[in-house]
Structures are given as C-alpha cells and as structure tokens.
Amino acid sequence: MTTLAIPNYRLQSTGKTVFGFWETPAGQPRALTSWFYPGDNFGQEFAYPKEKAAEIALVAGEPVPTLPKY
C-alpha cells in the first residue's frame with residue numbers, strides 16, 4: 001500500500017511523536033491528518049481519495065487534501 005503525504009511544518013518541535021486527526025463521525029475510523037517525528041519541525045500531511053476527503057471535510061468543516069487522479 002502506498003500513502004501520499006505532503007510536507008508539513010510546525011513552529012515548535014516536541015520530544016515525542018505527534019499524530020493529528022480529522023474529526024470523523026461516531027463509529028468511523030479516525031482519519032489521520034499529520035505525523036511529526038520527535039524533534040522535527042517538518043512532518044507529513046496525508047491526502048485522501050476524493051470521496052473520502054469530501055466526507056471528512058463535511059464533518060471537519062475545513063478542506064482535506066485529495067489524491068490526484070492517475
């Protein structure tokens with residue numbers, strides 16, 4: 001399985017791994033938005049297939065990165 005990630009940046013690094021999650025409806029899996037490795041300011045922001053991104057954006061109230069069509 002391949003996952004598309006976009007470079008992401010944060011102002012303050014931490015000494016631990018940090019995962020960010022989008023809001024999702026009750027009973028649905030948590031949708032990962034970002035991952036930062038301990039001590040790094042640069043991390044990864046995750047993109048989703050168009051349909052799934054639209055579902056997440058509806059609940060989260062903000063745009064969700066989408067995968068390009070190949």
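Scroll up to find the structure this text is about.
Here we summarise the structure given alongside this text.

Rules and cut-offs
- Residues numbered from 1 in each chain as written.
- Predicted model: local features only at pLDDT ≥ 70, side-chain atom pairs only at ≥ 80, totals over all residues.
- Heavy atoms only, no water.
- Buried < 20%, exposed > 50% of the residue type's maximum accessible area, 1.4 Å probe, protein only.
- Helix = DSSP H or I, 4+ residues; strand = E, 2+ residues; numbered from the N terminus.
- Arc of directions from axis to C-beta.
- Contact = heavy atoms within 4.5 Å.
- Phe/Tyr/Trp six-rings, centres within 6.5 Å; stacked < 30°, edge-to-face > 60°.
- Lys NZ or Arg CZ within 6 Å of the ring centre and 35° of its normal.
- Core = buried A, V, L, I, M, F, W, Y, C linked by side-chain atoms within 4.5 Å.

This brings us to helix 1 (residues 50-60). If you check which residues of helix 1 are buried, you get Ala53, Ile56 and Ala60. One side of helix 1 carries all its buried residues, which in axial view fall inside an arc of 65°. Across from the buried face of helix 1, at angles greater than 90 degrees, the exposed residues are Lys50, Glu51 and Leu58. Contact partners of the buried residues in helix 1: strand 2 (18-22) and strand 3 (31-36). Of the residues one or two after helix 1, glycine 61 is the one with positive phi, at around 75°.

With that settled, the discussion passes to the packing of aromatic side chains. We describe a pair of aromatic rings using the distance from one ring centre to the other and the angle between the two ring planes. According to the stated counting rule, one finds two aromatic pairs in the structure shown. Consider the rings of tryptophan 35 and tyrosine 37, whose centres lie 6.4 Å apart with planes at 85°: the pair is edge-to-face. Under the relative-accessibility criterion, tryptophan 35 is labelled partly exposed at 31%. By relative accessible area, which is 49% here, tyrosine 37 ends up partly exposed. Directly above the ring of phenylalanine 21 sits arginine 30, whose terminal nitrogen or CZ lies 3.8 Å from the centroid.

Turning next to the nonpolar core. Counting residues in hydrophobic clusters, the biggest one holds eight residues: Trp22, Ala31, Phe46, Tyr48, Ala53, Ile56, Ala60 and Val64. A per-element tally of this core places helix 1 first, with three residues. With residues up to four places along the chain from it excluded, the contact list for alanine 60 reads Trp22 and Glu23.

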